[in-house]
Amino acid sequence: MNPHPIAFDTETELMGPCNMAPRLVCVSLFDGINSKLLDAREGLEWFREAIQDRTLIGFNAPYDLAVFCAADPDLIPLVFKAHDEKRILDGLTRAKLEDVRTGYDRKAYSLADLVS
């Protein structure tokens, strides 16, 4: 298992009724030092490799994971395996739980706010 986690985010076409996991447009990555932007094809290739052994950090990760799995349903068992191994982390969920713990009344959650 690769010990270094990597943050990821997907950008997609618009979601809507009956389309809650729209088509992947691009994937952004950050490993703590370097960032990278991949087109949809490259992003899906990266994810197929990364889901095997990396710890992945998302922001609303269930959405991003659904987008990847909609693009390639063969990824579904690998995503569940990564969840079982606790290799999928979610910054949004963590922030919400921390706010419940501390009693902080945040009005909105954005990636920019949580990073700062």
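Residues numbered from 1 in each chain as written. Predicted model: local features only at pLDDT ≥ 70, side-chain atom pairs only at ≥ 80, totals over all residues. Heavy atoms only, no water.

A. A look at the packing of aromatic side chains. For the structure on display, the rule yields five aromatic pairs. Seen from their ring centres, tryptophan 46 and phenylalanine 47 are 6.2 Å apart, and the 55° between their planes marks the pair as tilted. Residues phenylalanine 47 and phenylalanine 68 carry aromatic rings whose centres are separated by 3.9 Å and whose planes lie at 5° to one another, so their mutual orientation is stacked. With phenylalanine 47 in helix H1 (residues 40-53) and phenylalanine 68 in helix H2 (residues 61-71), this pair connects stretches of sequence that are 21 residues apart. Grouping residues by exposure puts phenylalanine 47 and phenylalanine 68 together as buried. Clustering of aromatic rings is evident, with ring pairs tying together Phe8, Trp46, Phe47 and Phe68. Just above the ring of tyrosine 109 sits the side chain of lysine 96; from NZ or CZ to the centre is 5.5 Å. (Phe/Tyr/Trp six-rings, centres within 6.5 Å; stacked < 30°, edge-to-face > 60°. Helix = DSSP H or I, 4+ residues; strand = E, 2+ residues; numbered from the N terminus. Buried < 20%, exposed > 50% of the residue type's maximum accessible area, 1.4 Å probe, protein only. Lys NZ or Arg CZ within 6 Å of the ring centre and 35° of its normal.)

B. Looking closely at the pairing of strand E1 (residues 6-12). Looking at chain direction, E1 and strand E4 (residues 56-58) are connected through two bridges and run parallel. Counted as the bridge partner of isoleucine 6 is leucine 56 from E4. Bridge analysis of E1 against strand E2 (residues 24-30) gives six bridges, and the strand direction is antiparallel. From the neighbouring strand, phenylalanine 8 faces E2, where its bridge partner is leucine 29. (Pairing = 2+ DSSP bridges.)

C. Region of interest: the pattern of salt bridges. As enumerated under the stated definition, the model contains eight salt bridges in all. Among the ionic pairs, arginine 23 bridges to glutamate 13, the shortest N-O distance being 2.6 Å. Taken together, the residues arginine 23 in the loop between E1 and E2 and glutamate 13 in the loop between E1 and E2 connect sequence positions 10 residues apart. The salt bridge involving glutamate 45 is made with arginine 41; its shortest N-O contact spans 3.0 Å. Taken together, the residues glutamate 45 and arginine 41, both in helix H1 and four residues apart, mark about one turn of the helix. (Salt bridge = Lys/Arg side-chain N within 4 Å of Asp/Glu carboxyl O.)

D. Examining the environment of isoleucine 57 more closely. With respect to the helices, strands and loops of the structure, isoleucine 57 is situated in strand E4. Since its relative accessible area comes to 31%, isoleucine 57 is described here as partly exposed. Along the primary structure isoleucine 57 and leucine 111 are separated by 54 residues, whereas in three dimensions their C-alpha atoms are 12 Å apart.

E. Just the pairing of strand E3 (residues 35-39), in detail. The pairing of E2 with E3 spans five bridges and is antiparallel. Each bridged residue has a counterpart across the sheet, and for leucine 29 the counterpart in E3 is lysine 36. The turn linking E2 back onto E3 is made up of four residues, and glycine 32 within it adopts a positive phi angle of 100°.

F. Structural detail: the state of the cysteines. Taken as a whole, this structure holds zero disulfides when the rule is applied. Just so you know, cysteine 18 is unpaired, no disulfide at all, and the nearest cysteine sulfur is the one on cysteine 69, 19 Å from it. Overall, the relative accessible area of 88% leaves cysteine 18 in the exposed class. Among the cysteines around cysteine 69, which has no disulfide bond, cysteine 26 carries the closest sulfur, lying 18 Å off. (Disulfide = S-S within 2.5 Å.)

Coordinates in, geometry out; function isn't part of it.
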